[in-house]
Amino acid sequence: MQTYLLSQQFNSRSSAENSTACPANATICDGTSCVLLEDDFNQTLSVVLSTVLTIMLALVMFSMGCNVELKKFWGHVKRPWGIFVGFLCQFGIMPLTAFLLSLIFSVLPVQAVVVLIMGCCPGGTASNIIAYWVDGDMDLSISMTTCSTLLAMGMMPLCLFIYTKMWTDSNAIILPYKNIGLSLVALVIPVSFGMYVNHKWPSKAKIILKIGSIVGAILILIIAVVGGILYRGSWTISPKLWIIGTIFPAAGYTLGFFLARLAGLSWQRCRTVSLETGMQNTQLCSTIVQLSFTSEQLELMFTFPLIYSIFQILFALLILAGYRVYRRHRVKTNTDVEKTEEKEDSKSTSSHAKINEGFVSNETK
């Protein structure tokens, strides 16, 4: 990242360090925002939470795998039209949307880069949990998450090379391939065991799935607040990043749904593709940002992945609530129609019986 771009933002740093607006142990401070050194408590909390979340996530993905049928999963791999549509959404729509939002709001170069990194990340595993709750195609959801994580090895460098040229050198961005590989392993192994359990013991798999779906919902809420616990810095950052962090996931959900519908996918798969598009791997984005930028640069961007994570979960919960209301209304409407039809049938049968001198067939008794 070119240093002259940051000199204008930190020309008053010497005077700000003496300000009482930030604590004395702040690594950087401009009077309105600060980043603090990690203390022993923060490091311990980070390790404990990371371990607990990793174990919980593995168990949840195991339970999600209990809802995946091997034949249907393999069917998506052999006829990957749904996966291809998801690929276009993940590495076509999301990076382009990030690029356009950065241009429209005229953010600083370092901020534009973090928005683009978020847009180029693969789908997150939280999408699989929400997809289950909205009656999505779990076979497609798991296969899309797996493929996007695998393809991210090549597509992330390509997308970053294309879209970040006007702001920075893409070689300055360090991609943690080890983390991407670990994410892939953490997804594939538990899901594979879940698929095996579903194949061997379908009745037990249903019980595991119900428990796992509840744990998964709790896990999503925990992830939403973990970032806020680990960061002890100020939330006073550019309002533009707040606006982008709000619009970006909503645009991903909406555009993913409409592209899937234009591609001729069913409503069930449209919901699945929408969730897979809007829900990004924000943990991976945070890792890339921390590896690639200096502490001065992080002061301008370090909370954006957390902002995106909060709003992507918030919009996903709104989608879930809307779908549940729609489903309940549809079931109620269908029940009323069936009752009306039954009454009409009974009336017609009764009148028919009177015409035929009281004879009623055994089927109507």
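Thresholds, definitions, all that
- Residues numbered from 1 in each chain as written.
- Predicted model: local features only at pLDDT ≥ 70, side-chain atom pairs only at ≥ 80, totals over all residues.
- Heavy atoms only, no water.
- Helix = DSSP H or I, 4+ residues; strand = E, 2+ residues; numbered from the N terminus.
- Buried < 20%, exposed > 50% of the residue type's maximum accessible area, 1.4 Å probe, protein only.
- Areas by Shrake-Rupley, 256 points an atom, 1.4 Å probe, with all protein chains shown as cover.
- Disulfide = S-S within 2.5 Å.
- 1 Å grid on protein atoms, 1.4 Å probe; cavity = no way out; pocket = protein on both sides within 12 Å on 5 of 7 lines; lining within 4 Å.
- Points joined across faces, edges and corners; volume = space filled by probe spheres on them.
- Nonpolar A, V, L, I, M, F, W, Y, C, P; charged D, E, K, R; others polar.
- Salt bridge = Lys/Arg side-chain N within 4 Å of Asp/Glu carboxyl O.
- Phe/Tyr/Trp six-rings, centres within 6.5 Å; stacked < 30°, edge-to-face > 60°.
- Lys NZ or Arg CZ within 6 Å of the ring centre and 35° of its normal.
- Core = buried A, V, L, I, M, F, W, Y, C linked by side-chain atoms within 4.5 Å.
- Contact = heavy atoms within 4.5 Å.
- UniProt positions renumbered as here; feature names shortened; annotations may be inferred.
- Axes fitted to C-alpha atoms, helices over the stretch in contact; angles between N-to-C directions.
- Parallel < 35°, antiparallel > 145°, perpendicular 65-115°, else oblique.
- Left-handed = near helix turned anticlockwise from the far one by under 90°.

S.K.: Which residues make up the overall build of the protein, and what values go with them?
M.R.: Along the backbone of the protein there are 15 helices and two strands. Out of the 365 residues in the protein, the part that is buried amounts to 44%. When the accessible surface of the protein is summed, it comes to about 19,000 Å², and 64% of that surface belongs to carbon and sulfur atoms.

S.K.: Describe the state of the cysteines, with residues and values.
M.R.: Inspection of every chain in the model, using the stated rule, returns zero disulfides. For the unlinked cysteine C120, the closest cysteine sulfur is that of C159, found at 4.6 Å. Between C270, a free cysteine, and C89, which holds the nearest cysteine sulfur, the sulfur-to-sulfur gap is 9.6 Å.

S.K.: So what's going on with the layout of surface pockets? Residues and values would help.
M.R.: The volume enclosed by the second largest pocket comes to roughly 390 Å³. Around the second largest pocket, the lining comprises 15 residues; the ones closest to its centre are F257, W267, R271, I319 and Y323. When grouped by side-chain class, the residues that make up the lining of the second largest pocket number 10 nonpolar, three polar and two charged.

S.K.: Any details on the pattern of salt bridges? Residues and values, ideally.
M.R.: Where charged atoms from two side chains of opposite charge approach closely, those side chains can pair. Summed over all chains, the structure comprises two salt bridges. Residue R327 is joined to D135 by a salt bridge in which the shortest nitrogen-to-oxygen separation is 2.7 Å. Of this pair, R327 sits in helix α15 (residues 304–355) while D135 is found in the loop between α7 (126–133) and α8 (138–163), placing the two residues 192 residues apart along the sequence. When its relative accessible area of 30% is taken as the criterion, R327 is described as partly exposed. Residue D135 is classed as partly exposed on the basis of its relative accessible area of 26%. In this structure, the salt-bridge partner of R269 is D137, at a minimum N-O distance of 3.0 Å. Highlighted residues: R269 in helix α12 (residues 267–278) and D137 in the loop between α7 and α8, separated in sequence by 132 residues. Accessibility expressed as a relative area gives 30% for R269, which makes it partly exposed.

S.K.: Which residues make up the packing of aromatic side chains, and what are the values?
M.R.: If you walk through the whole model with that rule in mind, you get nine aromatic pairs. Arranged with centres 5.7 Å apart and planes meeting at 55 degrees, the rings of F87 and F91 form a pair that is tilted. Pair noted here: F87 and F91 are both in helix α5 (residues 81–105), with a separation of four residues, about one helical turn. The exposure class of F91 is buried, given its relative accessible area of 7%. Pairwise contacts between aromatic rings join F257, F258 and W267 into one cluster. Over the face of the ring belonging to F161 we find K165, whose NZ or CZ atom lies 5.3 Å from the ring centre. Over the ring of W267 we find R261; its NZ or CZ atom is 3.8 Å from the centre of that ring.

S.K.: If you had to explain the nonpolar core to someone new, which residues and values would you point to?
M.R.: In this structure, V115, I117, M156, F248, V289 and F293 are the most contacted members of the largest nonpolar core, which totals 39 residues. Here this core takes nine residues from helix α6 (residues 109–120), the largest share from any one element. Leaving out residues up to four positions away in the same chain, I117 has contacts with L160, I173, C285, I288, V289 and F293. The next biggest cluster of nonpolar side chains, apart from the first, holds 26 residues, and it includes A126, I129, L219 and I220.

S.K.: Report on unusual backbone geometry, specifying residues and quantitative values.
M.R.: The backbone phi angle of S106 is positive, close to 50 degrees, even though this residue is not glycine. By secondary structure assignment, the location of S106 is in the loop between α5 and α6. The phi dihedral of D135 is positive, around 60 degrees, even though this residue is not glycine.

S.K.: Would you mind going over the UniProt feature "transmembrane region" (unreviewed entry) in the protein in detail, with residue names and values included?
M.R.: Look at the UniProt record and you will see "transmembrane region" (unreviewed entry) annotated at residues 45–63, 83–105, 112–134, 140–163, 175–195, 207–229, 241–260 and 300–323. This span, residues 83–105, is 100% helix and 0% strand, and a straight line between its end C-alpha atoms measures 32 Å. Between the C-alpha atoms that bound residues 241–260 there is a distance of 28 Å. The span itself is 100% helix and 0% strand.

S.K.: Got a sec to walk through the side chain of T146? Specific residues and values, please.
M.R.: In this structure, T146 sits in helix α8. What makes T146 buried here is its relative accessible area of 18%. Those residues within four positions of T146 in sequence are excluded, and the remaining contacts are L184, L187 and V188.

S.K.: A description of the environment of M156 should follow, citing residues and the corresponding values.
M.R.: Mapping M156 onto the fold places it in helix α8. Through-space distance from the C-alpha of M156 to that of C120 is 5.5 Å; in sequence the pair is 36 residues apart. What M156 contacts, discounting residues up to four positions off in sequence, is C120, C121, P122, L175, I180, L284 and I288.

S.K.: Let's hear about the packing of α5 against α8: which residues, and what values?
M.R.: Where α5 meets α8, the axes come as close as 9 Å, and the angle between the chain directions of the two elements is 40 degrees. Here α8 runs oblique to α5, going by the angle between their axes. Considering only the axes of α5 and α8, their crossing is right-handed. Contact residues: G82, I83, G86, F87, Q90, F91, P95, L96 and F99 in α5; L140, S143, M144, C147, S148, L151, A152, M155, C159 and Y163 in α8. Considering only residue class, the contact of α5 with α8 consists of 14 nonpolar, five polar and no charged.

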